[in-house]
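# Survey of secondary and tertiary structure
Each chain is listed here by its residues.
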Amino acid sequence: MRKTQWKRVLVGALAVSMIAGNCAPAFAAGSGWKQNNTGWWYQNTNGTYKTNTWFQDGNDWYYFDGNGYMATGWLQDSTKNWYYLNPISNGKKGAMQTGWVQEGDKWYYLNSKAGGALQTGWINDGGKWYFANSSGVMQSGVISVDGVVYYLNPNSDGTKGAMMVGTYTINGKTYTFGDNGASIGIAPAATVAFNSNGTTVSSYASSSDSSSSSSSSSSSSGGSHSSSSSTKKGNEYKNGDLYIRKAGTINAETLKALNPEGKEIQNVYISSTVGEGDVDLEDLDVKGDVFVRGGGSDTVTFKNCKIKGKLATDKSEGKQVHVKLLGNTTVAKVEVKKTAKIEIASNTVTINTILLSDIASVILSDDVTISFPIPVIIVDTTKKVEVSTPVKTLQVNKANEQVVVNTEVTNIVVNAPAEIKLEDGADVEKVEVGESAKGTSITASESANIDKVVAGANCTVPAGTDVEATKEGITVEDSKGETVVAPVVERFELTIAKCDNATASLDTKLVSETDKATLTIVPELGYKVKEVTAGDATVGALEVAEDGVVTTTITGVTKATEIKITVEKETTENPTEPGETPSESETPSESETPSESEKPSESETPSESETPSESETPSESETPSESETPSESETGKLVITAQEIKVTGGSAVYQYKINKGSAVTASALNLKTLKKGDTVEISVIISGASYAAKLTVTGATATDIEDGVSFTMPEGNVTIEATLTEQK
């Protein structure tokens, strides 16, 4: 393979901090949590107990009734808001819940920004819109709100109830929903109708298609959901979101006119009303996602923009949209939902993962040479895609009619039968054909280069290709129809189980016991990776980057192994105190909060038989005893965080050992599992370049070891700085 040296520069240093201290017993004598046959209460130090009040214990909130006992289940406090207190004896009984809560087949949303209060009407959760009736029950299917018809995902796929945009077939007929979710043209029949606050409109009835009333002048209180037709509006900043409905430039000056107070931008919606016009976005800091539903083949341009979530193309009509990324634009994930061309026009653009779910091309501008490749491009479509920008891992997940490559690729991982076409300019180090990709065909032009094919299933390769088989019985033919003699090198297949709310990829999937595979996980905004398991194989530390992207390693694979990833919603660290008045920006509008008459009906709240019995209250053994509280030596937590080290002409990684254990190598560190007294060894390993590394330790007595330092964790903070000096 022709080796390309990607330019690298040193960007960060290593920081280590340790927090240790005394931990008081959970229950002081004479005060704290108490229990009798009736329930739990909290006794103050003066012998009194809490009544009709909220109480925070650690990060959890509890409520005590008029008799002083801890409440569970549904609760309406003096603010007339409804809350849900954990009724289950799992060590957190009575704790106020936030986020989505399920009871039977019903879902409710407890808004952490409103102190955990039950929310009705429109709900924005992680950039997706949901609707709850006046009792707080989430809706799905076709509904009408203030006379406007919306389609809420009816499928239990992890996003049930989310507002849909685009074109869908409902009961055998095709309907279209605009960028604000409102139906366009003929609308499907709604099964139920509401006012914007979630109250059912009893007089509404519809059994046949009707013209959408999305041009009505009434408006919904649910944030972005205006009943007015978006074609009548210009660009707008509303409830934290930026709506771009006209072609033109959005920069600091034009944004100030839309958002004079300079509030944060949560999400950006480039509307279909832009048509084929050009949109130029400059210097935007987007805390959520960007949805491109309009714009022509001449470009939607992002220059020096920071997008914390994903940039998704979702244009349903007209020409293929052309998205151009310039300057220091950074985005965790680019997702092509509908056909698009993605152009990288600067060597300082940073993208972690590109997901292609429709006809697409990913190209590099003619005059640009990037310093490092795109880490991951995932092909998740049966339609033709073209990749023309350097990439480390190109992962093909679906049977594909043609994947065209004319650039440098470290590894092509094929998980389904596909035609891989290597054209002029293609320089591929390895292609792995998984067991489920039987029948894959790899072709190459005369000037294209491919170093090796690892065949886990029958496939066709270019004549003269170096091939290894993972087991006996695999048939490999070349482009001339001749059988290729492939030596067998035992390897085992890694697969990734279905993972909701995250995109995951492997840099290699056919591995031996001594090989290491790197797993990259890009969670959806508002979610985080809780756990990764891989059967009997060893999973390395989960390293979390600033943008939330998680990497880890899989080693010691001795058989076919499925990797399971657990993702959970992120929780708010400092929720507003229940009953406390949130700031105006945090408070749902009056129509969004349930009035007294809108409280959950008797059939919707737990019946007496459903509430926890006395025997279900936490037993004494379930509450932390004094012996179970952490000792002083157990409470220390070493926190290691470090940005990726980049060096010119080579690579640099950290290598660490804890308590003389196995060495772990990582390009970045995020460890939180150590305690006082642990021994730590940290080194910087540099290859392909001449650098000297110096590690400076503050807060602990360090001993020099080869390429690094060793020290014992004290009771206090420790800081390590890594300085790399290029050797001439």
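Conventions we followed
Residues numbered from 1 in each chain as written. Predicted model: local features only at pLDDT ≥ 70, side-chain atom pairs only at ≥ 80, totals over all residues. Heavy atoms only, no water. Helix = DSSP H or I, 4+ residues; strand = E, 2+ residues; numbered from the N terminus. Buried < 20%, exposed > 50% of the residue type's maximum accessible area, 1.4 Å probe, protein only. Contact = heavy atoms within 4.5 Å. Areas by Shrake-Rupley, 256 points an atom, 1.4 Å probe, with all protein chains shown as cover. Pairing = 2+ DSSP bridges. Axes fitted to C-alpha atoms, helices over the stretch in contact; angles between N-to-C directions. Core = buried A, V, L, I, M, F, W, Y, C linked by side-chain atoms within 4.5 Å. Salt bridge = Lys/Arg side-chain N within 4 Å of Asp/Glu carboxyl O. Phe/Tyr/Trp six-rings, centres within 6.5 Å; stacked < 30°, edge-to-face > 60°. Polar contact = N/O pair within 3.5 Å; in protein donor to acceptor, adjacent residues only side chain to side chain.

Time to look at the overall build of the protein. The helix and strand tally for the protein stands at 1 helix and 64 strands. Within the protein, buried positions represent 49% of all 728 residues. For the protein, the proportion of contacts with a sequence separation of at least 24, taken over those separated by at least 6, is 45%. Total accessible area on the protein is roughly 33,300 Å²; 44% of this is exposed by carbon and sulfur atoms.

To continue, consider the sheet that holds strand β40 (residues 418-422). The strand order across the open sheet built from 12 strands is β23-β25-β28-β30-β32-β34-β36-β38-β40-β42-β44-β46, with neighbouring strands paired in parallel fashion. Looking at strand neighbours, the two that pair on one side only are β23 (248-250) and β46 (476-478), the edges of this open sheet. Along the sheet, successive strands turn relative to each other by an average axial angle of 15°, direction set aside. Pairing between strand β25 (residues 279-282) and strand β28 (residues 300-303): 4 bridges, direction parallel. Within the sheet, the bridge partner assigned to V279 lies in β28 and is V300.

Take the nonpolar core next. Counting residues in each nonpolar core, the largest one holds 73 residues, and the members touching the most others are I270, F302, L311, L394, I412 and L422. Sequence-distant contacts of F302, that is, excluding residues within four places in its chain, are made with I270, L281, V290, V292, I307, L311, V323, K324, L325, L326 and T329. L519, I521, I554 and I565 belong to the second-largest nonpolar core, a separate cluster that totals 21 residues.

Here the focus is the pattern of salt bridges. Summed over all chains, the structure comprises 21 salt bridges. The salt bridge partner of K310 is D289, with a shortest N-O separation of 3.6 Å. In this pair, K310 sits in strand β29 (residues 306-313) while D289 sits in the loop between β26 (285-286) and β27 (290-292), placing the two residues 21 residues apart along the sequence. One salt bridge connects K430 with E432, and the closest N-O pair in it is separated by 3.3 Å. The exposure class of E432 is buried, given its relative accessible area of 0%.

Alternating residues of β25 divide into V279 and L281, all buried, and D280 and E282, none buried. As paired elements, β23 and β25 share 3 bridges and run parallel to each other. Residue I250 lies in a different strand from β25, and its bridge partner there is L281.

Taking strand neighbours across the sheet as the criterion, the 3 strands line up as β14-β13-β19 in an open arrangement whose pairing is mixed. Two strands in the sheet have a free side with no partner beyond their single neighbour: β14 (148-152) and β19 (192-194). If you compare each strand with its neighbour and ignore which way they point, the axes differ by 30° on average. Bridge analysis of strand β13 (residues 141-145) against β19 gives 3 bridges, and the strand direction is parallel.

Excluding glycine, residues mostly have negative phi values, and the peptide bonds linking residues are mostly trans. The backbone phi angle of N171 is positive, close to 50°, even though this residue is not glycine. Looking at the secondary structure, you find N171 in the loop between β15 (166-170) and β16 (173-177). Accessibility expressed as a relative area gives 79% for N171, which makes it exposed. Phi angles above zero are rare outside glycine, and N304 is one such case at about 55°. One can find N304 in the loop between β28 and β29.

Structurally, S361 is set in strand β34 (residues 360-364). Other than its neighbours up to four places away in sequence, S361 contacts A340, K341, I342 and E386.

This next bit is on the environment of M163. Its place among the elements puts M163 in the loop between β14 and β15. Taking the relative accessible area as the measure of exposure, M163 reaches 15% and is therefore buried. It is 9.5 Å that separates the C-alpha atoms of M163 and A182, two residues lying 19 residues apart in sequence.

Glancing now at the environment of G234. As for its position among the elements, G234 is in the loop between β20 (210-211) and β21 (236-238). On the basis of relative accessible area, G234 is assigned to the partly exposed category, the value being 28%. Considering only alpha carbons, one finds G234 and I244, 10 residues apart in sequence, at a separation of 7.3 Å. Ignoring any residue separated from it by four or fewer positions in sequence, one finds G234 in contact with R245 and K246.

This part covers the packing of aromatic side chains. Where two aromatic rings form a pair, the distance of their centres and the angle of their planes describe that pair. One pass over the structure, following the stated rule, counts 22 aromatic pairs. Ring centres 5.0 Å apart and planes at 75° place the aromatic pair W33 and Y62 in the edge-to-face group. Placement of W33 in strand β2 (residues 32-35) and of Y62 in strand β5 (residues 60-64) is noted, with a sequence separation of 29 residues between them. Each member of the pair, W33 together with Y62, is buried. Considering the side-chain rings of F55 and F64, the 6.3 Å spacing of their centres and the 50° angle between planes classify their relative orientation as tilted. The exposure class of F55 is buried, given its relative accessible area of 14%. The exposure class assigned to F64 is buried, which follows from its relative accessible area of 0%.

Once that is clear, we can look at the environment of D283. For D283, the location among the structural elements is in the loop between β25 and β26. Counting along the chain gives 22 residues from D283 to C305, while the straight-line C-alpha distance between them is 4.8 Å. Once residues lying within four places of it in the same chain are set aside, the contact partners of D283 are K303, N304 and C305.

As a further point, take the side chain of N411. Following the sequence through the fold, N411 ends up in strand β39 (residues 408-414). A distance of 2.8 Å separates a polar atom in the side chain of N411 from the backbone oxygen of D507.

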